[in-house]
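Commentary on secondary and tertiary structure
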Amino acid sequence: YNGHQPQVRLLGQSGEVIRAFALNDSPNHTGMEAVYWNGPGRPALLYNGGALWSAQGQMACLFQELPQPPSGNRRQGWYHCIPVDISGDQGEEVVLYNPWDNRIFIFCANRKGWNREKQYSSTARQYNVRLMD
């Protein structure tokens, strides 16, 4: 909603606005991806600006460890998100990258079984992640 601005609108199945809120400010407001942080049976969280947000507009998790890009102090706006179940526990980890950097960052929730081994296979959740721009 309202391109490259922090306002979000959640719509019901018939198109009615069921919730409207604003996320944190960032330089370009890109990378708003839905992340199933707590598994597919739980509500998705929205990634924006170095944090995960609930459908009520509350910050659920802040990734404070992200370094600040050389472009300025609004570090959070340059990190893009790929949600992926790397650990095999059904919840999605958050893979963050700055397009102008050579590092990636992986964050996961402290879920039961998060560190068990699994063979990774990519899905549409990884190669078609840009829901909004």
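Worth saying up front: this structure is predicted, and the values here are computed from it rather than measured. (Residues numbered from 1 in each chain as written. Predicted model: local features only at pLDDT ≥ 70, side-chain atom pairs only at ≥ 80, totals over all residues. Heavy atoms only, no water.)

Some words on the overall build of the chain
Each helix and strand in the chain was counted, giving one helix and nine strands. The helix and strand sequence of the chain, counted from the amino end, reads β-β-β-β-β-β-β-β-β-α. For the chain, with 133 residues in total, the buried portion stands at 43%. In the chain, once contacts between residues fewer than 6 apart in sequence are set aside, the share between residues at least 24 apart is 46%. Total accessible area computed for the chain in this model is approximately 7900 Å², and 49% of it derives from carbon and sulfur atoms. (Helix = DSSP H or I, 4+ residues; strand = E, 2+ residues; numbered from the N terminus. Buried < 20%, exposed > 50% of the residue type's maximum accessible area, 1.4 Å probe, protein only. Contact = heavy atoms within 4.5 Å. Areas by Shrake-Rupley, 256 points an atom, 1.4 Å probe, with all protein chains shown as cover.)

Some points on a nonpolar patch on the surface
Together, Ile86, Ile104, Ile106 and Tyr120 make up an exposed nonpolar region whose accessible area comes to about 380 Å². Tracing the backbone through its elements, the reader meets Ile86 in the loop between strand E7 (80-84) and strand E8 (93-97). (Patch = residues over 30% accessible without salt bridge, like charges linked within 9 Å, V, L, I, M, F, W, Y side chains within 5 Å. Salt bridge = Lys/Arg side-chain N within 4 Å of Asp/Glu carboxyl O.)

Side note on the environment of Val35
Locating Val35 in the fold gives a position in strand E3 (residues 33-35). Between the C-alpha atom of Val35 and that of Gly91, which follows or precedes it by 56 residues, the distance is 8.6 Å. In this structure, Val35 is in contact with Ala44, Leu45, Tyr47, Leu52, Cys81, Pro83, Glu92, Val94 and Arg125, ignoring residues within four places of it in sequence.

Comments concerning the pattern of salt bridges
Applying the stated criterion across every chain yields a total of one salt bridge. The partner of Arg103 in a salt bridge is Asp101, and the shortest N-O contact between them spans 2.9 Å. When its relative accessible area of 27% is taken as the criterion, Asp101 is described as partly exposed.

Here we look at the nonpolar core
Counting residues in each nonpolar core, the largest one holds 15 residues, and the members touching the most others are Trp37, Tyr47, Leu52, Phe63, Val94, Leu96 and Phe107. Once residues lying within four places of it in the same chain are set aside, the contact partners of Leu52 are Val35, Trp37, Leu45, Leu46, Tyr47, Gln58, Met59, Ala60, Cys61, Phe63 and Val94. Listed in part, the seven residues of the second largest apolar core include Phe21, Leu23, Ala51 and Trp53. (Core = buried A, V, L, I, M, F, W, Y, C linked by side-chain atoms within 4.5 Å.)

Describing the sheet that holds E8
With antiparallel pairing, the three strands of this open sheet are ordered in space as E7-E8-E9. The open sheet is flanked by E7 and strand E9 (104-107), the only strands paired with a single partner. The sheet shows a mean angle of 25° between the axes of neighbouring strands, direction not considered. (Pairing = 2+ DSSP bridges. Axes fitted to C-alpha atoms, helices over the stretch in contact; angles between N-to-C directions.)

So, the sheet that holds strand E6 (residues 59-62)
Spatially, E3-E4-E5-E6 is the arrangement adopted by the four strands of the open sheet, whose pairing is antiparallel. The sheet is open, and its two borders are formed by E3 and E6, each paired with just one other strand. Mean inter-strand twist for the sheet, computed between neighbouring axes without regard to direction, equals 30°. Inspection of the sheet shows strand E5 (residues 51-53) paired to E6 by three bridges, in the antiparallel sense. Counted as the bridge partner of Ala51 is Leu62 from E6.

Observations concerning the packing of aromatic side chains
Per the counting criterion, the structure on display carries two aromatic pairs. Taking 5.9 Å as the distance between ring centres and 65° as the angle between the ring planes, the aromatic pair formed by Trp37 and Phe63 counts as edge-to-face. Highlighted residues: Trp37 in the loop between E3 and strand E4 (45-48) and Phe63 in the loop between E6 and E7, separated in sequence by 26 residues. Among the residues examined, Trp37 registers a relative accessible area of 8% and is labelled buried. Overall, the relative accessible area of 1% leaves Phe63 in the buried class. The structure contains a cluster of three or more aromatic residues connected by ring pairs, namely Trp37, Phe63 and Phe107. (Phe/Tyr/Trp six-rings, centres within 6.5 Å; stacked < 30°, edge-to-face > 60°.)

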